[in-house]
Amino acid sequence: MISPKYVNTITDEKLEEKLFQRENVSALEDLLNSTRKEYQVLREAQRRRKRVSSRKVTRQDELESVFNEVKECVDEYLGFHFKDRPICSFSKLRDYPDPVARKTTRSFYATGTSGLLVSGIDFTINPLVFSASIVVLGIAAYNHLAIRRSRRYYCDLDKIIVRKDEYQTMLPVLAHEYAHAVQRRFPPLRSLWNFCQNFIEGHARGVQRHVAKSYWEREDNPGFMDFTVREDTRELHLAYRLLCDRFSQQPHKTLVKGLPKETLGQRLYRRTKGKVDPHILGNAIMLLHEAQHGAGIYRDMLHGHYAF
Ligand SMILES: [Zn+2]
């Protein structure tokens, strides 16, 4: 059982303090150097695969068995076998857990459709109502697409939602979201949801990486690493730039050239919340620790054996 005292030692501020050390600039460069090479090799392999084969998307009737596979792999890795399990489904408007997003999208669809009917579905009869209705329907469709593309674990509902993806991407994504469900099952760690998202997201990235690597080795297919290596490279790259900024250093141009940049979601998070996406800081912290102490750290953290 993890002691609450241990959990109190893990806060966003403390982890960030550990990350923003001058010596970590060169440590991140070393990590980025190897991840970058892996990223380039996999990207080239991915291009070749896309040319020769069509990708297999996980279907609704396959999701349950894919999730069971992932759960078994993660439980074994972390050394716990929970009988109760989260609900896992594809993200749909009908049962999307965020009621505000669900209701807003529905009302936009309803308003846009009624407007179109009022305009007689003819631009020439009432151009203003017709145009406004098209705009409103466009917003509804955009929100709907964002809902269908979301991937998330809802802690209060103990529910995982994922987008339809190819099997090789679905596995590591489910591992990440299921890692959150495991964290929730440790009451002291559950409290970290409120004040240490860096830990929560960094830990989930570590579990995701383990599952991706396991399947790569097991199936002899590097495609299982595509998604994870891309995100690791992006997040290390962004963390490296943050550290360079903090210590007024110029990032090495050859090191960062061609690397994945900040996503729209990460930019919005930074602008609306005024802080850096916890996947970026959390993953960088965990990768630094993993490089020093090995991949067993994620299990130790759940047992309360790991000191940052
Ligand atoms: Zn997460």
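What you see is a predicted model; the values in this text were computed from it and never measured.

Let us look at the overall build of the chain. Looking only at helices and strands, the chain features 15 helices and three strands. Whereas a compact globule of 308 residues would reach a radius of gyration of roughly 19 Å, the chain reaches 22 Å, a difference of no more than 12%. Across the 308 residues of the chain, 33% fall into the buried class. For the chain, contacts bridging at least 24 residues in sequence account for 76% of all contacts bridging at least 6.

Among the nonpolar cores identified, the biggest contains 58 residues, and Val 74 and Ala 284 are the most heavily contacted of them. A per-element tally of this core places helix 7 (residues 167-184) first, with nine residues. Apart from residues lying up to four places away in sequence, Ala 284 is in contact with Leu 19, Leu 28, Glu 235, Leu 236 and Ala 239.

Keep in mind that most residues, glycine aside, have a negative phi and that most peptide bonds are trans. Residues other than glycine seldom take positive phi values, yet Asp 158 does so here, at roughly 50°. Positionally, Asp 158 belongs in the loop between strand 2 (152-154) and strand 3 (159-162). By C-beta crowding, Asp 158 is classed as partly exposed, having 15 other C-beta atoms within 10 Å.

Taken in spatial order, the three strands of this open sheet run 1-3-2, and their pairing is mixed. At either end of the open sheet lies a strand with only one pairing partner, and these are strand 1 (87-90) and strand 2. Strand-to-strand, the axes of this sheet are offset by a mean angle of 20°, without reference to chain direction. Two strands pair when backbone bridges link them, and strand 1 and strand 3 are joined in this way by four bridges, in the parallel orientation. Residue pairing across strands places Phe 90 opposite Val 162, the latter belonging to strand 3. In the packing of helix 7 onto the sheet, contacts are made with strand 2 and strand 3, and the angle to strand 3 comes to roughly 155°.

Where helix 2 (residues 12-19) meets helix 14 (residues 278-293), the closest approach of the two axes is 10 Å, and the angle between their N-to-C directions is 60°. Taken together, the axes of helix 2 and helix 14 are oblique relative to one another. Considering the relative orientation of helix 2 and helix 14, their crossing is left-handed. Within the contact between the two elements, helix 2 uses Leu 15, Glu 16, Lys 18 and Leu 19 and helix 14 uses Leu 281, Ala 284 and Ile 285. In terms of residue class, the contact of helix 2 with helix 14 is built from five nonpolar, no polar and two charged.

Our next topic: the domain arrangement of the chain. According to the domain assignment, the chain consists of domain 1 (4-91 + 149-303) and domain 2 (99-148). Taking only C-alpha atoms, the centre of domain 1 and the centre of domain 2 are 37 Å apart. Taken together, the contact pairs four residues of domain 1 with four residues of domain 2. Its residues assigned to classes, the side of domain 1 that touches domain 2 comprises no nonpolar, two polar and two charged.

Before going further, it helps to spend a moment on the pairing of strand 3. Two elements, strand 2 and strand 3, share three bridges in a ladder whose sense is antiparallel. Bridge assignment links Tyr 154 to a residue of strand 3, and that residue is Lys 159. The hairpin formed by strand 2 and strand 3 contains four residues between the paired strands, and Asp 158 there has a positive phi angle of roughly 50°.

A few words on helix 7. Between its first and last C-alpha atoms helix 7 spans 26 Å; for 18 residues at 1.5 Å apiece the expected length is 26 Å, and the two agree. With 16 of 18 residues buried, helix 7 is to be regarded as a mostly interior element.

This part takes up the environment of Cys 155. Tracing the chain through its elements places Cys 155 in the loop between strand 2 and strand 3. Spatially, the C-alpha atom of Cys 155 lies 7.1 Å from that of Ala 181, the residues being 26 residues apart in sequence. Residue contacts for Cys 155: discarding those within four places in its chain leaves Arg 184 and Trp 193.

Another point: the environment of Lys 257. Tracing the sequence through the fold places Lys 257 in the loop between helix 12 (253-256) and helix 13 (264-273). Given 9 C-beta atoms within a 10 Å radius, Lys 257 is considered exposed. Along the chain, Lys 257 and Lys 275 lie 18 residues apart, while their C-alpha atoms are 25 Å from each other.

On to helix 10 (residues 197-219), then. Between its first and last C-alpha, helix 10 extends 33 Å over 23 residues, near the 33 Å set by a 1.5 Å rise per residue. Buried residues dominate helix 10, accounting for 17 of its 23 residues. Looking one or two residues past helix 10, Asp 220 carries a phi angle of roughly 50°, positive in sign.

Helix-helix packing is characterised by the crossing angle of the two axes and by the distance between the axes. Relative to each other, helix 10 and helix 14 sit at 60°, their axes nearing to 7 Å. Judged by the inter-axis angle, helix 10 sits oblique to helix 14. Note on packing geometry: the crossing formed by helix 10 with helix 14 is right-handed. Judged by residue contacts, Gln 197, Asn 198, Phe 199, Glu 201, Gly 202, His 203, Arg 205 and Gly 206 of helix 10 engage Pro 278, His 279, Leu 281, Gly 282, Asn 283, Ile 285, Met 286 and Glu 290 from helix 14. Broken down by class, the residue content of the contact of helix 10 with helix 14 amounts to five nonpolar, eight polar and three charged.

Calculation rules
- Residues numbered from 1 in each chain as written.
- Predicted model: local features only at pLDDT ≥ 70, side-chain atom pairs only at ≥ 80, totals over all residues.
- Helix = DSSP H or I, 4+ residues; strand = E, 2+ residues; numbered from the N terminus.
- Rg over C-alpha atoms; globule rule 2.2 N^0.38 Å.
- Buried ≥ 20, exposed ≤ 12 C-beta atoms within 10 Å, placed from the backbone.
- Contact = placed C-beta atoms within 7 Å.
- Core = buried A, V, L, I, M, F, W, Y, C linked by C-beta atoms within 7 Å.
- Pairing = 2+ DSSP bridges.
- Axes fitted to C-alpha atoms, helices over the stretch in contact; angles between N-to-C directions.
- Parallel < 35°, antiparallel > 145°, perpendicular 65-115°, else oblique.
- Left-handed = near helix turned anticlockwise from the far one by under 90°.
- Nonpolar A, V, L, I, M, F, W, Y, C, P; charged D, E, K, R; others polar.
- Domains from an automatic or database assignment.
- Expected span 1.5 Å × (residues − 1).

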